[in-house]
There are 2 protein chains.
Amino acid sequence: MNRLRDIVAVPIFQAPMAGGPSGAPLAAAVSEAGGLGSLAAGYKSCTEMTAEIAEVRALTTKPFAVNVFVPHPDHADADDIDAYLVGLRPQAEELGVSIGDATWDDDDWSAKIEALVADPVAVTSFTFGCPPNEMIVALQGAGSKVIVTATNPEDAATSARSGADAICLQGIDAGGHQSVFGDSEEDVRGFGILALLAAVRGRVDVPLVAAGGLMEGRDVAAVLVAGADAAQLGTAFLRCPESGTNAAHRAALEAPDLDRTALTRAFSGRTARGVVNRFMTTHRSAPSGYPQINNATKSLRRAAAARGDYHATSLFAGQNFALGTQRRAADVVRTLMADCADILGPTVWTSG
Amino acid sequence: MNRLRDIVAVPIFQAPMAGGPSGAPLAAAVSEAGGLGSLAAGYKSCTEMTAEIAEVRALTTKPFAVNVFVPHPDHADADDIDAYLVGLRPQAEELGVSIGDATWDDDDWSAKIEALVADPVAVTSFTFGCPPNEMIVALQGAGSKVIVTATNPEDAATSARSGADAICLQGIDAGGHQSVFGDSEEDVRGFGILALLAAVRGRVDVPLVAAGGLMEGRDVAAVLVAGADAAQLGTAFLRCPESGTNAAHRAALEAPDLDRTALTRAFSGRTARGVVNRFMTTHRSAPSGYPQINNATKSLRRAAAARGDYHATSLFAGQNFALGTQRRAADVVRTLMADCADILGPTVWTSG
């Protein structure tokens, strides 16, 4: 029996994609289709988060997840950040905007946790770190399952020890931010999802959700065979009509001049995978400085996206974004499961 | 019907591991067990290669492979290499050896190809590039299948267009050298094996061999499900008694102070994955300069290995080396296939 069957009907989780794509319509559509939709609370205030939760609840009574960014103390080197931002000035001038202040913030952390304990959702998931055990216990006591996202075996072990109900393993192929608990070069360990599953499956006793570059039913089948209890996909939903992906981002995903992804800190100060565009090739080495750099570049990214200039904004996406389609989210979920069942048989849920 | 069934009885390929591990005893043992053993001609003269081929033929009549390194023109920056080598002097002094000359060579390329056309083996495989079509045709005409190793979709497409019979897809999790056709930062694209299979399986019409971090039967099952025709494993064979892995390397693979791998150019001037030891953490950024740096560091690596000092020599291994065992190669092959059949059923060969 699959260990996540009490949460969802089919082992398809929609990855939280902060910054627009995974709003209420997408989360509700995936949950309605039997998978687990997810809101991305990252970059948002607690008030915005709770409004979005209400929006999902108006669309579906099915379980869904809310993903929260775990804040880190301000350890960034302000001089390094300033030096990096000077290099962005020509682009800011071209776009007619000012670079924002490189301020640190905690992403409204305490208020969000308080709200999610007071009025819980089915699943609370975390990115960039593992909350303390007391906080996990509080969420669980309120009725929420807790999932922590980890990119290496040590962070996965920490998550299990801290009491997480499940661990989302995120391979290096995943689009968007890598959920490394630190952000030094050494923290980004470079596990593909299959190797990460192999490294973790014998070491922890909680269900595993596999993420990273999964696009088709046979990818889902492969991770279930390799020990995952569910597959999490983000890029596969990026072009769905229900997704909040902006027009510039959508155009980039089918642009003939953009054919590959890479890891970069250029947009946010934290390692993330995006489609390689001129911004990324121009600003190759950015310091570790999240959320300062993210706050500083927000005006640029927004102005470029509004103008449709996909070479000047962030285009977070996984390795195989070219395999994405524009189908509705429910169609994506259904096709994934049908193709998966063709390979593993109708008992797909028990094969993990 | 699996498209590699005319070569091997079971879909297990042993990765060529140049520098010692995959000599004749290991290759013969894997081929005898029904898989495809492989010699590593890299770093060897043509004479040494042909002697080793004779050695395998004395041990088995089964098909086996010989892997050849494709040479590249000398584009390295001699000043960068010299500056890097200056940093190795303290260690050379400590070991009582001199740093070797940073000479370029072509790894006896033409002689090896001539020998492999004149007296072919079942499979000739290539690393670091794709030979020209005429050469592939010559090897095929002599009766050898040709496999090219690729780490990204573009190199895989090049290999298919050049006439390769099969492509070995090598994920970023693989131990040893990455078979990137270039070696700039951008050439190392960071595909985990599952994402690489997804990127390539619909784009080429030749059988695919999947490599990178695979250690157990369910990893083999997963790549077959994801579209591979066979799985290639190196690190899983590294500690077999038949393997030529030196004692320092073997000790490192079970040393409690060594628990992770990373990509490095420090030993050879080309990107490779190895267990992180003091050499790697001391010499973090090495220039692209293969085989010059490899030739220069040979004396150091050998002296350190002879002394059993695993902190001062190369310890190439894949992400999940900790899952390796000391069993005989035939046991490794048998266990992989038994565990794979438990998941996919006895018809495992047709599931690709």
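What you see is a predicted model, and the numbers here were worked out from it, not measured in a lab.

Rotating chain B by 180° about the axis while translating it 0.0 Å along that axis superimposes it on chain A, leaving an RMSD of 0.0 Å. The superposition operator between the copies reduces to a two-fold rotation axis.

Before going further, it helps to spend a moment on the interface of chain B and chain A. In this assembly, 29 residues from chain B lie in contact with 29 residues from chain A. Counted by class, the side of chain B that touches chain A contains 15 nonpolar, eight polar and six charged residues.

Within a beta sheet, neighbouring strands are joined by backbone hydrogen bonds and run either parallel or antiparallel to one another. All names here are of chain A. Read from one edge to the other, the open sheet built from eight strands follows the order β1-β9-β8-β6-β5-β4-β3-β2, with strand pairing classed as parallel. Of all strands in the sheet, those with a lone pairing partner are β1 (12-14) and β2 (37-40), marking the two edges. Strand-to-strand twist across the sheet, computed as the mean angle between neighbouring axes with direction ignored, equals 25°.

All names here are of chain B. Taken as a whole, helix α7 (residues 153-161) has its buried residues at Pro153, Asp155, Ala156, Ser159 and Ala160. Buried residues in α7, looked at end-on, bunch into an arc of 165°, giving them a common side. One or two residues past the end of α7 sits Gly163, with phi positive at roughly 100°.

Residues and elements named next belong to chain B. Strand order across the open sheet formed by three strands is β7-β11-β10, with antiparallel pairing between neighbours. With partners counted over all chains shown, the strands left at the sheet margins are β7 (176-177) and β10 (261-264), one partner each. Inspection of the sheet shows β7 paired to strand β11 (residues 272-275) by two bridges, in the antiparallel sense. Within β11, the position partnered with Gly176 by the bridge is Arg273.

Here we come to the domain arrangement of chain A. Residues and elements named next belong to chain A. Annotation of chain A at the domain level lists domain 1 (12-71 + 107-243 + 323-350) and domain 2 (76-105 + 259-314). A separation of 26 Å is found between the C-alpha centroids of domain 1 and domain 2. Tallying the contact residues gives ten residues for domain 1 and eight residues for domain 2. Its residues assigned to classes, the side of domain 1 that touches domain 2 comprises three nonpolar, five polar and two charged.

The next thing to look at is the confidence of the model for chain A. Mean pLDDT for chain A: 96, with 98% of residues reaching 70 or above. Here the prediction assigns the complex a pTM of 0.97, and the interface score ipTM is 0.96.

Residue and element names in this part refer to chain B. Side chains Leu208 and Ala210 of strand β8 (residues 208-211) all project onto a buried face; the interleaved residues Val209 and Ala211 project onto the opposite face, where all are buried too. As defined by bridge partners, strand β6 (residues 166-170) adjoins β8 across four bridges and the pair is classed as parallel. In the sheet register, Leu169 faces β8, and the bridge partner there is Ala210. Alignment of β8 against strand β9 (residues 230-233), held across three bridges, turns out to be parallel.

Rules used throughout
Residues numbered from 1 in each chain as written. Chains lettered and ligands numbered in written order. Predicted model: local features only at pLDDT ≥ 70, side-chain atom pairs only at ≥ 80, totals over all residues. Least-squares fit on C-alpha atoms with pLDDT ≥ 70 in both. Contact = placed C-beta atoms within 7 Å. Nonpolar A, V, L, I, M, F, W, Y, C, P; charged D, E, K, R; others polar. Pairing = 2+ DSSP bridges. Helix = DSSP H or I, 4+ residues; strand = E, 2+ residues; numbered from the N terminus. Axes fitted to C-alpha atoms, helices over the stretch in contact; angles between N-to-C directions. Buried ≥ 20, exposed ≤ 12 C-beta atoms within 10 Å, placed from the backbone. Arc of directions from axis to C-beta. Domains from an automatic or database assignment. pLDDT = per-residue confidence, 0-100.

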